[in-house]
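Chain and residue survey
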Amino acid sequence: MTDHNIKECQKSLDFVLGWFAKPIFIDGDYPESMKNNLSSLLPAFTEPEKKFIKGTADFFALSFGPTLSFQLLDPRMKFRQLESPSLRQLLSWIDLEYNHPQIFIVENSWFVSGTTKRDDAKYMYYLKTFIMETLKAIRLDGVNIIGYTAWSLMDGFEWHRGYSIRRGLFYVDFLSQDKKLLPKSSALFYQQLIEKNGFPPLPENQPLEGTFPCDFAWGIVDNYIQVDTTLSQFTDPNVYLWDVHHSKRLIKVDGLVTKRRKPYCVDFTVIRLQIALLQEMRVTHFHFSLDWALILPLGDQSQVNRTVLHYYRCVASELRHANITPVVALWRPVFPHQGLPEPLAKQGAWENPQTALAFAEYARLCFKDLGSHVKFWITMNEPYTRNMTYSAGHNLLKAHALAWRLYDEKFRRSQKGKISIALQADWIEPACPFSPKDKEVAERVLEFDIGWLAEPIFGSGDYPRVMRDWLNHRNNFLLPYFTEDEKKLIQGSFDFLAVSHYTTILVDWEKEDPIKYNDYLEVQEMTDITWLNSPSQVAVVPWGLRKVLSWLKLKYGDLPMYIISNGIDDDLQAGQDKLRVYYMQNYVNEALKAYILDGINLCGYFVFSFNDRTAPKFGLYRYAANQFEPKPSMQHYRKIIDNNGFPGAETLGRFCSEEFTLCTECSFFHTRKTLLAFIAFLLFALIISLSLIFHYSKKGRGNYK
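The shown structure was predicted, so the numbers you read here are calculated from the model rather than taken from an experiment. (Residues numbered from 1 in each chain as written. Predicted model: local features only at pLDDT ≥ 70, side-chain atom pairs only at ≥ 80, totals over all residues. Heavy atoms only, no water.)

Overview of the pairing of strand β16 (residues 427-430)
When a strand is regular, its side chains alternate between the sheet's two faces. Cut-off, in case you're wondering: When a residue's accessible area, from a 1.4 Å probe over protein chains only, is under 20% of the maximum for its type it is buried; when over 50% it is exposed; and in between it is partly exposed. Only DSSP runs of H or I covering at least 4 residues are called helices, and only runs of E covering at least 2 are called strands; the numbering of each starts at the N terminus. Here a strand pair is declared whenever DSSP counts at least two bridges between the two strands.
In β16, alternate side chains face the same way, and those of W427 and E429 on one face and I428 and P430 on the other are all buried. For β16 and strand β18 (residues 504-508), the ladder comprises four bridges, and the chain directions are parallel. Directly across from I428, in β18, lies its bridge partner I505.

Section: unusual backbone geometry
Peptide bonds are, in most cases, trans, and in most cases residues other than glycine have a negative phi. The amide bond that connects W151 to the next residue, S152, takes the cis arrangement and shows omega of 0°. Within the secondary structure, S152 sits in the loop between β4 (145-150) and β5 (165-166). In this chain, F335 is followed by P336 through a cis amide linkage whose omega measures -10°. Its place among the elements puts P336 in the loop between β13 (325-331) and α10 (342-346). Even without a glycine there, the phi angle at E382 is positive, about 55°. Mapped onto the elements of the fold, E382 is located in the loop between β14 (376-381) and α12 (390-415).

A few points about the domain arrangement of the chain
To be explicit about the condition: Domains are outlined according to an automatic or database domain assignment. Here, two residues are considered to be in contact whenever any of their heavy atoms come within 4.5 Å of each other. By definition, the buried area sums, over both parts, the 1.4 Å-probe accessible area that each loses when the two are put together. Think of a salt bridge as a Lys or Arg side-chain nitrogen and an Asp or Glu carboxyl oxygen that are within 4 Å of each other. Gly is placed with the polar residues, together with every amino acid not listed as nonpolar (Ala, Val, Leu, Ile, Met, Phe, Trp, Tyr, Cys and Pro) or charged (Asp, Glu, Lys and Arg).
Along its sequence, the chain is carved into domain 1 (58-200) and domain 2 (217-646). For domain 1 versus domain 2, the distance between C-alpha centres works out to 44 Å. With 20 residues of domain 1 at the interface, the matching set in domain 2 holds 17 residues. For the pairing of domain 1 and domain 2, the buried interface totals around 1,400 Å² over both sides, and the portion due to carbon and sulfur atoms is 60%. When residues of domain 1 are sorted by the area they lose upon contact with domain 2, D119, A121 and Y125 head the list and together hold 39% of the total. Here domain 1 is connected to domain 2 by two salt bridges. The salt bridge involving K128 is made with D528; its shortest N-O contact spans 2.6 Å. Elements that contribute at least two residues to the side of domain 1 that touches domain 2 include exactly β3 (112-113), α5 (121-139) and α6 (185-196). Of the residues forming the side of domain 1 that touches domain 2, the biggest block, eight residues, is contributed by α5. Of the residues that constitute the side of domain 1 that touches domain 2, the class distribution is eight nonpolar, six polar and six charged.

A word on the sheet that holds strand β2 (residues 103-108)
Convention followed: To obtain each axis, a line is fitted to C-alpha atoms, and for helices this fit is confined to the stretch in contact; angles are then taken between N-to-C directions over 0 to 180 degrees.
Read across the sheet, three strands follow the order β1-β2-β4 without closing on themselves; strand pairing throughout is parallel. One side of each edge strand has no neighbouring strand; the edge strands of this open sheet are β1 (60-64) and β4. Averaged over all pairs of adjacent strands, the angle between their axes in this sheet comes to 15°, without regard to strand direction. In the sheet, β2 pairs with β4 via four bridges, with the strands oriented parallel.

A few points about the sheet that holds strand β9 (residues 217-222)
Ordered by their spatial adjacency, eight strands build a closed barrel running β9-β12-β13-β14-β15-β17-β23-β24, and the pairing between neighbours is parallel. Across this sheet, the average inter-strand angle for adjacent strands is 25°, counted without regard to direction. Two elements, β14 and strand β15 (residues 418-424), share four bridges in a ladder whose sense is parallel. Across the sheet, F376 pairs through a bridge with K418, a residue of β15. Packing against the sheet, helix α9 (residues 306-321) makes contact with β12 (285-289) and β13, and its axis sits at approximately 170° to β12.

Brief notes about the pattern of salt bridges
A side chain with one charge may pair with a side chain of the opposite charge, provided their charged atoms come close. Overall, the coordinates contain 36 salt bridges when judged by the stated rule. Ionic pairing is found between D369 and R306, a salt bridge with its closest N-O pair at 3.1 Å. Separated by 63 residues along the polypeptide, D369 in helix α11 (residues 353-370) and R306 in helix α9 bring together distant segments of the chain. Linked through salt bridges whose partners overlap, the residues forming this network are D29, E32, K35, E47 and K50.

A word on the environment of S550
One can find S550 in helix α16 (residues 543-556). Judged by relative accessible area, which is 28%, S550 ranks as partly exposed. Sequence-wise, S550 and G599 are 49 residues apart; in three dimensions their C-alpha atoms are separated by 8.9 Å. Not counting residues up to four positions away in its chain, the partners in contact with S550 are D598 and I600.

What follows is the structure in structure tokens.
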């Protein structure tokens, strides 16, 4: 936005549009930039001609869209313009430049590939964008727009592009004899839009008032908790002198040390800081992942890093002392080596069946060392199916089941915890809601993305039927088979259903963009360009969360569910992080709708992520100069937690009594408060009695003398 660039943009629009518009709508003469740049090449109007031309329009008729001859133009003739769907900006410019005329959009559209048939999702979403931009220009910018016309009624010959593109609302089979017209998805969409006269608010998208159950888990995620074993200064046994007269520093006294005291978990300054921030946020649960490679560098128990285990144990115990429940994941796929110890990664990683056995032994160690403080376990945290081989997924499922059975049989009775897997579950929506084929491919992608790991555990004990049939149809027989014993091992190996959800993706069966087309699943992924997007182009689609929760309930029954991770990136420079506040507000409200309206047994919601230090751009705390600063999104989340949702007039009187999760070590005292008070009273009375006896006995001896 420099003066030079603004002048260049003005000149570009003068040459392309103002050439005819300024004489008619302003003063009967050409734009000054044209006269200055073209000199004698541009004819001059006489004064009578200017008067004759000026005002010869009742409205401003605008055609906007991809100019079909644009690619043929000499670059100098394009005036540095690009094909762009930015209609709203142009409407505002016309309104300001030409004294607020009535504008009639007489031609507007985009195009799709000539091979695209009736499900023209790309065209449909461009059409939606243009009409929405027109509505914004009317409502938000005050532009006087009196009509809109879509181009065109049917597919036809598109100038130099011939039949290589299509722009019609009706499909024409040019190779058939009768050239029958068939309505496309865009025609059905446009018909509905005309009937509604725009985009009226949908009842299902209106915010809901209400609260979650009193024992609802409000959590925060920090996947990459940094292990910092630096102890506080109070564990230092050395003696120091304070040089108050000269350097003002502490000077160590050589050869003089005090008795070293036993270190305690509170000595880890980093843990104390993290817990203080969590308490400030008022969350009830904190979700983090262990580092398998750090705990067992060689992949087995021949070398156990006890220091790291002790640190994790301190994190868990200090969380419980602060009445925050630790939610601990045993494994999460991260770089390097997929989060595995290097020797296991070099031996085939999850492709090797031995990795599943190694994982079970690693889980045994963690249950044994941390289980007294951890009551909420995740075996696998967000295994990403889209880059996973079938054999790796097969072994990963067995590893999960082995760890779950181990906990169930050996540790559950004494530790009284719960354990499950956490799956990534973004929603997949048909790009064309009127298309049976798009609905079919959406279901296929859901089964490959979520059902691949969910169906064996929460369903039948085997892979989804859709998945097996599709691979057989493509002569792909790489999906392994479970033995009957393995099915029994895996099926039912859960205590709850945990999902991570971030966005919604549209899918279409038409091959519009070869770069984004998935030949393996025969599906085209796309997005609605009217959706709000994050800086990394992640779409903000709150209703997708509610849909995926309903889909999971329909597939696997009324299971206790946790949204174990949900968040969005935002611009680090955006001080108010308004996008994250909007995202959180609306996604949590959709979770509330799922709980109240859909009957989902929703038990908790976790925001991703804790801070920008471990997850840049995702944190609720900004990190700079070794300091954590709360963002507005943290304060907004705290408000939601304090209200336990979105209370309205009917729910304002309902309050949850505060219940604290007490640490095991403190339970003796908390459960015997009355007894302890009585003992304290007896001790106090005894001290007073002894004091009186001592006082009077001393006084008596004095009188006797």
